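Structure at a glance
Spelled out, the chains give:
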Number of protein chains: 2
Amino acid sequence: MGRCTRVHKVLEGISLAKRKDVAKLAGVSEATISRVFNNVGPIREETKQKVLKAAKTLNYQPNALAQSFATGKSGNIGVIIPYLPKVHLLSTHYFSGILSGIGIQLGKCQYNLLVMFQSPHEPKDYVQLFRSQKIDGCIILGAKNDEQEIKEIERLHELKLPYCLVNQTYEGYPFHSVDAKHTEGSFQAVSLLLEKGFKRIAFINGPLEYSNSMERLKGYRDAYLNVGIEPPSELVFQGNYSRTSGIQLSTEIAPLMSNIDAIFSGNDRMAIGLMQGLSKHGYHVGEDYALIGYDNSDVASMVQPQLTSVQVPLLEMGEMAAEKVLNELNGKSVVLQERLPVTLIERASIQVKKEMRK
Amino acid sequence: MGRCTRVHKVLEGISLAKRKDVAKLAGVSEATISRVFNNVGPIREETKQKVLKAAKTLNYQPNALAQSFATGKSGNIGVIIPYLPKVHLLSTHYFSGILSGIGIQLGKCQYNLLVMFQSPHEPKDYVQLFRSQKIDGCIILGAKNDEQEIKEIERLHELKLPYCLVNQTYEGYPFHSVDAKHTEGSFQAVSLLLEKGFKRIAFINGPLEYSNSMERLKGYRDAYLNVGIEPPSELVFQGNYSRTSGIQLSTEIAPLMSNIDAIFSGNDRMAIGLMQGLSKHGYHVGEDYALIGYDNSDVASMVQPQLTSVQVPLLEMGEMAAEKVLNELNGKSVVLQERLPVTLIERASIQVKKEMRK
DNA sequence: TTGTATGCGTTATCAC
DNA sequence: GTGATAACGCATACAA
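As the structure is a computational prediction, the values presented were derived from the model and not from experiment.

Side note on the overall build of chain A
When helices and strands are tallied, chain A shows 12 helices and 12 strands. In terms of principal-axis extent, the alpha carbons of chain A reach across some 90 × 45 × 40 Å. Among the 358 residues that make up chain A, the fraction classed as buried is 54%. Expressed as a percentage of contacts within chain A between residues at least 6 apart in sequence, the contacts between residues at least 24 apart total 73%. Of the accessible surface of chain A, which amounts to about 15,400 Å², a share of 51% is contributed by carbon and sulfur atoms.

Set out below in structure tokens:
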């Protein structure tokens, strides 16, 4: 599948009636056709019917390109997704859930969803997408806490361009965002483990460039502090949210298992990787330790024992992000930062048979 | 998240230099600017540099909308995805894999990917998308064998509009498509089971509206016939490719398990549903029966025992579909129907401890 | 309630 | 090599 350049072919075969043709057939002016189709201004019912009939006869369809050009609005909302060759992020529960939500909301408003893959190597220039008029607003997924990213978003923000971040919040920057209450979710998960008598809880975190990683770390620590125990920082590990990284970490964690009675993982995939890796070392969920994941992706109920996990309303977050961008676009007042609640879904992975360790 | 209508806000804050401004500053005509930016026609190097400098000074960026309008090409390829409320198909390995592939290929060619959700209730009108000039080509995912769908695709085909189906082939219709060798994949999977001594193999199929379901059925039957055994049609069941349907079918299948020694499922999710359902009835993969799934989605290696599965090159199919549409668009000759090979990935789920049944 | 006229920012086809 | 200019199909302010 080679590289190629954009070339054009004439659109043949489709007879494209233009507004002029309809006007002629209906015996009215072109402006009237527009009025009917855009439902704008006063119009005599009789005229309207005449126009509609003529349009139907000619199989007229307004040219979206010309409309966009005339109004200066593309009708597209860009969704920026980080692209890593080999890893198709899109297939993660995480991205696809958000994307579906965005699609649902945009569909209601006659907006198109333009997917834009952003390679981490190419320089980002979100503003340019607006300047070229390709998009009217954008939603940024998978943003990280790095300087360049922040600068780009700052530009968007200062120019008051309609944008929204999803699942990423920058400390000290009042950017538009829709996020979930990850600190709380993490707090709940770890608190549940503590309540159930697990005291030595390892935490497998993801990269700290993501605010949700930081927030989960805070939740983990808060839960300990809440019961008057100093958080065991020696039990905090870091993966990269892939199942593979969970497997890798299991090698590091296995030697410590005699002193660990539960594990909380920053997402389900790492949790499952751990589960698989540790079982090779003879440690089994439900027998030797309790396990809680995060995201409540569909795999949580596919593994044995089923995984307790924190559900994140990804679909709703996507919907809300889209709604927010559309509101910004229309000049409506919007709440700058939204936070949706998460829900702890209890499953078998927190039942442990053996005597509790200390 | 309410309904809303598309409204417009003026794009403020971004100073949009136009071609005219650049021309003025560079002291050349507007046509020259276009020549430089489109790399067309002869141009003196000196002039070119002058133009580029002026463009940079003014931060000039050609207006994509105007370009599209002038050329009559949107630069968008539409990807049509069936939309079912509640079920977010996008999150399936299947759709997201294909979509990623499409995105990769389109990115290389400077085309945009326009995602269009198609509710099964709304009437389809693919041609209209072209007439409105929203898209220059389209890729149809998840098409089913129904009359309306076929008619729509026929229209696209007759009008020679650039389109491509993915993973769906219509018997007797020479539509553009990229598909995988499902008959072969199924044949291989069932043959492997037969070779290993399993004789009573149940087949859990998906809806027959999908050609790949039909093909897998054929592969299943062929594998039996190939070893001179009449395919046991009483062991063919039908789900809907969801894990839930696998669980449901397990109730139906459990009573027959004394006469079944292996199961082949049309996808991994149903396989896992079955696995879960049957274990509640006391039948366990690796002890009481062998199991093979299909798709080789990431969940295949998350369950215990890991699932043998047929890998489908979804990413490559997406890439190829995109490439095909772009070639049609550019008038290049294209192979009408492509079929990519599949690969059987062997994992633990086909090792069975107990004595073979007959 | 309807018609007229202008502009949107390019591309592309001529001339020179 | 370069400049002028006619499309492109619609929205919309203004006039009637």
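Don't stop here, the text continues.
Digging into the sheet that holds strand β9 (residues 290-295) of chain A
Residue and element names in this part refer to chain A. Taken together, six strands build an open sheet; the order of strands is β7-β6-β8-β9-β10-β12 and the sheet is mixed. Both edges of this open sheet fall to β7 (236-238) and β12 (343-345), since each of them pairs with a single strand only. Strand-to-strand, the axes of this sheet are offset by a mean angle of 20 degrees, without reference to chain direction. Note: strand β8 (residues 262-265) against β9, three bridges, orientation parallel.

Looking at the packing of helix α1 (residues 19-26) of chain A against helix α3 (residues 45-58) of chain A
Helices that pack against each other are described as a pair by the angle of their axes relative to one another and the distance between those axes. Residues and elements named next belong to chain A. Contact pair α1 / α3: the axes reach a minimum separation of 9 Å and the direction vectors enclose 125 degrees. Between α1 and α3, the angle is such that the two are oblique. Crossing of α1 against α3: the hand is right-handed. Along the contact surface, α1 presents D21, V22, L25 and A26, while α3 presents K50, V51, A54, A55, T57 and L58. For the contact of α1 with α3, the residue count by class is seven nonpolar, one polar and two charged.

Structural notes on the pattern of salt bridges
Inspection of every chain in the model, using the stated rule, returns 22 salt bridges over all chains. Taking the shortest distance from any N to any O, the salt bridge between E234 of chain A and R200 of chain A comes out at 3.2 Å. Of this pair, E234 of chain A sits in the loop between α9 (211-226) and β7 while R200 of chain A sits in the loop between α8 (182-195) and β6 (201-205); the two residues are 34 residues apart in sequence, bridging distant segments of the chain. On the accessibility criterion, E234 of chain A (47% relative accessible area) is partly exposed. A salt bridge links R155 of chain B to E152 of chain B; its shortest N-O distance comes to 3.5 Å. You can see R155 of chain B and its partner E152 of chain B sitting in helix α7 (residues 147-158), three residues apart, about one turn around the helix. The class for E152 of chain B is buried, based on a relative accessible area of 8%. Each of D125, E152 and R155 of chain A takes part in a single network of salt bridges with overlapping partners.

Describing helix α5 (residues 93-108) of chain A
Residue and element names in this part refer to chain A. Helix length check: α5, at 16 residues, gives a terminal C-alpha distance of 23 Å against a target of 22 Å (1.5 Å per residue), a fit within 8%. Burial within α5 is extensive, with 14 of its 16 residues counted as buried. One or two residues past the end of α5 sits Q110, with phi positive at roughly 65 degrees.

What to know about the protein's contact with DNA strand C
Residues in close proximity to DNA strand C total 25 residues, the closest being T32, R35 and T47 of chain A together with R19 and S34 of chain B. Of what DNA strand C places within 4 Å of the protein, 56% of the atoms are sugar or phosphate. Here a phosphate oxygen of DNA strand C sits 3.3 Å away from a polar atom, N or O, in the side chain of K18 of chain B. Top contributing element to the surface near DNA strand C by residue count: helix α4 (residues 64-71) of chain B, with five residues. Across the surface near DNA strand C, the residue classes tally to 12 nonpolar, eight polar and five charged.

Topic: the side chain of R347 of chain B
Residues and elements named next belong to chain B. Structurally, the position occupied by R347 is in the segment after β12 (343-345). Here R347 sits buried without a salt bridge, and the closest side chain of opposite charge, D268, lies 6.5 Å off (N-O distance). Beyond its immediate sequence surroundings of up to four residues, R347 is in contact with N296, A300, S301, Q306, L307, T308 and S309.

Examining the nonpolar core
Counting residues in each nonpolar core, the largest one holds 150 residues, and the members touching the most others are I139, I201 and I263 of chain A together with I139, I201 and I263 of chain B. One finds I140, L161 and F175 of chain A together with L129 of chain B within the second-largest nonpolar core, a separate group that totals 38 residues.

Some words on the side chain of T32 of chain B
Of note, T32 of chain B is situated in helix α2 (residues 30-38). Apart from the residues within four sequence positions on either side, T32 of chain B is in contact with I43, T47 and V51 of chain B.

With respect to unusual backbone geometry
Here the bond from Q304 of chain A into P305 of chain A is cis, since omega is -5 degrees, no more than 30 degrees from zero. Summarising the element assignment, P305 of chain A is placed in the loop between β9 and β10 (308-311). A positive phi angle, close to 65 degrees, is found at Q133 of chain A, a residue other than glycine. Relative to the assigned elements, Q133 of chain A resides in the loop between α6 (126-131) and β3 (137-141). For Q133 of chain A, a relative accessible area of 10% puts it in the buried group. With a phi close to 115 degrees, D295 of chain B is a non-glycine residue in the positive phi region.

Side note on the protein's contact with DNA strand D
Among the 25 residues in the neighbourhood of DNA strand D, the closest are listed as R19 and S34 of chain A together with T32, R35 and T47 of chain B. Counting only atoms of DNA strand D within 4 Å of the protein, the fraction found in sugar and phosphate groups is 57%. Side-chain polar atom of S34 of chain A to a phosphate oxygen of DNA strand D: 2.6 Å apart, as the coordinates give it. Looking at the surface near DNA strand D, the elements with two or more residues in it are α2 (30-38) and α4 (64-71) of chain A together with α2 and α4 of chain B. The element that contributes the greatest number of residues to the surface near DNA strand D is α4 of chain A, accounting for five residues. Of the residues in the surface near DNA strand D, the class split is 12 nonpolar, eight polar and five charged.

As for the sheet that holds strand β9 (residues 290-295) of chain B
Residue and element names in this part refer to chain B. Strands sit in the order β7-β6-β8-β9-β10-β12 across an open sheet of six strands; the sheet is mixed. Strand pairing shows two members of the sheet lacking a second neighbour, β7 (236-238) and β12, which therefore form its edges. Averaged over all pairs of adjacent strands, the angle between strand axes in this sheet comes to 20 degrees, irrespective of strand direction. Note that strand β6 (residues 201-205) and strand β8 (residues 262-265) share four bridges and pair parallel. Across the sheet, A202 pairs through a bridge with I263, a residue of β8. The sheet strands contacting helix α8 (residues 182-195) are β6, β8, β9, β10 (308-311) and β12, and the helix crosses β9 at an angle near 165 degrees. With respect to the sheet, helix α11 (residues 268-280) is in contact with β6, β8, β9 and β10, its orientation differing from that of β9 by roughly 150 degrees.

What counts and what doesn't
- Residues numbered from 1 in each chain as written.
- Chains lettered and ligands numbered in written order.
- Predicted model: local features only at pLDDT ≥ 70, side-chain atom pairs only at ≥ 80, totals over all residues.
- Heavy atoms only, no water.
- Helix = DSSP H or I, 4+ residues; strand = E, 2+ residues; numbered from the N terminus.
- Buried < 20%, exposed > 50% of the residue type's maximum accessible area, 1.4 Å probe, protein only.
- Contact = heavy atoms within 4.5 Å.
- Areas by Shrake-Rupley, 256 points an atom, 1.4 Å probe, with all protein chains shown as cover.
- Pairing = 2+ DSSP bridges.
- Axes fitted to C-alpha atoms, helices over the stretch in contact; angles between N-to-C directions.
- Parallel < 35°, antiparallel > 145°, perpendicular 65-115°, else oblique.
- Left-handed = near helix turned anticlockwise from the far one by under 90°.
- Nonpolar A, V, L, I, M, F, W, Y, C, P; charged D, E, K, R; others polar.
- Salt bridge = Lys/Arg side-chain N within 4 Å of Asp/Glu carboxyl O.
- Expected span 1.5 Å × (residues − 1).
- Near = heavy atom within 4 Å.
- Polar contact = N/O pair within 3.5 Å; in protein donor to acceptor, adjacent residues only side chain to side chain.
- Lys, Arg positive; Asp, Glu negative; His and termini not counted.
- Core = buried A, V, L, I, M, F, W, Y, C linked by side-chain atoms within 4.5 Å.

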